[in-house]
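One letter stands for each residue in the lines below.
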Amino acid sequence: MQNLIKDLDILIPEKESCEVVKVSEDTNTGKNRKLYIESYGCQMNFSDSEIVSSIMTQEGFDTTSDFNLADVIFVNTCSIREKAEETVRHRLMHFKGLKKRKPDLMVGVLGCMAERLKHQLLEEEKIVDLVAGPDAYRDLPNLVRQVDDGSRAINTFLSREETYADISPVRLNSNGITAFISIMRGCDNMCSFCVVPFTRGRERSRDPHSIIAEARDLFDKGYREVTLLGQNVDSYKWSPNPELKGKAQIEKAGDADIVNFSMLLERVAQVHPELRIRFSTSHPKDITDDVLYTMKKYDNICKNIHLPAQSGNSRVLDLMNRTYTREWYIDRVDAIRRILGTDCGITTDMIAGFCTETEEEHQETLSLMDYVRYDFAFMFYYSERPGTPAAKKLKDDVPLEVKKRRLQEIIEKQSLLSLERNKHDIGKVYRVLIEGYSKRSKEHLQGRNSANKVIIFPAGNLKPGAYVDVYVKECTPATLFGEVVL
Ligand code: SAH
Ligand code: SF4
Ligand code: F3S
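In this report, the structure presented in the accompanying data block is examined. (Residues numbered from 1 in each chain as written. Chains lettered and ligands numbered in written order. Predicted model: local features only at pLDDT ≥ 70, side-chain atom pairs only at ≥ 80, totals over all residues. Heavy atoms only, no water.)

## Topic: the nonpolar core
Grouped together as the largest cluster of nonpolar side chains are 67 residues, with contacts concentrated most on Leu228 and Phe261. Sorting elements by how many residues they give to this core places helix α12 (residues 326-340) first, with seven residues. Other than its neighbours up to four places away in sequence, Phe261 contacts Ile183, Leu228, Val233, Asp234, Tyr236, Phe279 and Val291. One finds Tyr36, Phe67, Ala70 and Val131 within the second-largest nonpolar core, a separate group that totals 23 residues. (Core = buried A, V, L, I, M, F, W, Y, C linked by side-chain atoms within 4.5 Å. Buried < 20%, exposed > 50% of the residue type's maximum accessible area, 1.4 Å probe, protein only. Helix = DSSP H or I, 4+ residues; strand = E, 2+ residues; numbered from the N terminus. Contact = heavy atoms within 4.5 Å.)

## Remarks on the site of ligand 2
The local shell around ligand 2 consists of Cys187, Asn189, Cys191, Phe193, Cys194, Val196, Pro197, Gln231, His283 and Arg322. Across the shell around ligand 2, the residue classes tally to six nonpolar, three polar and one charged. (Near = heavy atom within 4 Å. Nonpolar A, V, L, I, M, F, W, Y, C, P; charged D, E, K, R; others polar.)

## Considerations on the sheet that holds strand β16 (residues 345-352)
Ordered in space as β15-β16-β17, the three strands form an open sheet in which the pairing is parallel. Looking at which strands have only one partner, the edges of the open sheet turn out to be β15 (304-306) and β17 (376-381). When the angles between neighbouring strand axes are averaged without regard to direction, this sheet yields 10°. Relative to β17, β16 runs parallel, the two being bridged by six bridges. By the bridge assignment for β17, Thr347 is matched with Phe376. Those strands touched by α12 are β15 and β16, and its axis lies near 165° from that of β16. (Pairing = 2+ DSSP bridges. Axes fitted to C-alpha atoms, helices over the stretch in contact; angles between N-to-C directions.)

## Quick word on the sheet that holds strand β18 (residues 429-437)
With mixed pairing, the five strands of this closed barrel are ordered in space as β18-β19-β20-β22-β21. Each neighbouring strand pair of the sheet contributes to a mean axis angle of 55°, computed without reference to strand direction.

## Quick notes on the site of ligand 3
Neighbouring residues of ligand 3: Cys42, Asn45, Thr77, Cys78, Ser79, Ile80, Cys112, Val196, Arg200 and Gln231. A domain-level breakdown of the shell around ligand 3 finds at least three residues from each of domain 1 (17-155) and domain 2 (178-239 + 248-423). (Domains from an automatic or database assignment.)

## Examining the packing of aromatic side chains
A ring pair, where both rings are aromatic, is described by two values, the distance of the centres and the angle of the planes. If you walk through the whole model with that rule in mind, you get nine aromatic pairs. Ring geometry for Tyr137 and Tyr164: centres 6.0 Å apart, planes at 20°, overall stacked. Highlighted residues: Tyr137 in the loop between β6 (130-132) and α5 (140-148) and Tyr164 in the loop between β7 (153-155) and β8 (178-182), separated in sequence by 27 residues. For the residue pair Tyr137 and Tyr164, the accessibility class agrees, reading buried in each case. Residues Phe261 and Phe279 carry aromatic rings whose centres are separated by 5.2 Å and whose planes lie at 75° to one another, so their mutual orientation is edge-to-face. Residue Phe261 is located in helix α9 (residues 261-269), and its partner Phe279 is located in strand β14 (residues 276-280); the two are separated by 18 residues in the primary sequence. No difference in accessibility class separates Phe261 from Phe279, as the two residues are buried. Ring-pair connections join several aromatic residues into one group, and the members of that group are Tyr36, Phe67 and Phe95. One cation-aromatic arrangement involves Arg224 over Phe219; the distance from NZ or CZ to the ring centre is 4.0 Å. (Phe/Tyr/Trp six-rings, centres within 6.5 Å; stacked < 30°, edge-to-face > 60°. Lys NZ or Arg CZ within 6 Å of the ring centre and 35° of its normal.)

What follows is the structure in structure tokens.
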């Protein structure tokens, strides 16, 4: 066991980070053109690439995992921090170089950076042929034709209604067991540091029938876990009134007509007891006890909540326009512990060195972490984004070295907490959904427990897709190791 721990990569759950890249895989159905898609950013972006693949395969494209074989290259981009955009720019310059050798190659930029920069990448910098924002993917076949006809093409229109509800995504990089379902798009919160409301537009919820149909279809195809995605899932709301669209539906609907997040969660949980449900992201201002009780009621709703705090200090939270205080956040954590117990995983996002943050305020972030005892955290230092409320109104005055030092302290704190939380699991038995073979060893399988902890164990005769009970024997800060209990 000791050797195994040393030999295995530390597994870090993926979410958004510009280092995370996903590329399309090979489909060979004899279509005459090939599309390569590379995706950066959050799960919503990866999920969008699956919608794009679906739209393009209807239009005579196969997908490829090798950009050298592609007729069309799409880069689905992220703008969340400056570094994310820099990574994408390098990549786009590389593809621009490729076009010199292959003049017919079409390069398109999709996603949040396309939305933010609009004509800039097309005209001023002439890096790409095509620009499509997150709500313009239905128009891609038309945009591709415009480029085929010799012009450059752009659509960055943001919609109040588009949810791509009727498009059945082509699953990319799939293990055939876990999948993402987008339940809403956009964001109406104006967190002052955040570019998302500008790149993804207004919040809108997807028709629950299409969500449940997608979950059922995935289960029938052998999938055993779905993650419901939205920037703020707790504000999911949908009303069936066919005459009204988008938010107007909600404003005019009676309470009885409205499907809220806890109702949606319950309906998806009822698809099948063997289908696990996860969701992300919960907003501390909106998460209700109702949602927590629904989680408690269904064994197949996983006991893990991603509840980004961003900071542990109320003044900084106010400047961030998060609309909750440290006390409010603590009250929500207490409610989770009260209703779902200490085994429920709680994870967070933290930003170090936001505008005017003092040393004492930074200490409050560390003390909040101590209070909550997070299982895992995504941790960043503040990166000013052009056009955001913070960029317009606040001074980015914490020096870079200070931001980096504070971030390092947050990372070190989290590493200790993750180890402590994982040690607390030693000696326990957890139900694990097997997702595949461990990255380093074909003799070991890996899966996750309800609290989203990665667990590695000897494979025996077991296969991915099955549920097993695993006794936890050892751990690192990122991974549990155990053996199957028969
Ligand atoms: N909707 C989610 C967050 C989506 S963005 C929520 O409200 O929690 C993912 C994370 O990126 C954020 O939670 C935040 O921690 C981080 N982030 C966003 N903008 C940032 C910026 N300008 N600088 C540094 N980190 C940022
Ligand atoms: Fe950004 Fe805030 Fe919306 Fe999350 S809730 S996407 S941090 S504006
Ligand atoms: Fe990035 Fe856009 Fe997601 S900015 S984090 S890809 S919503």
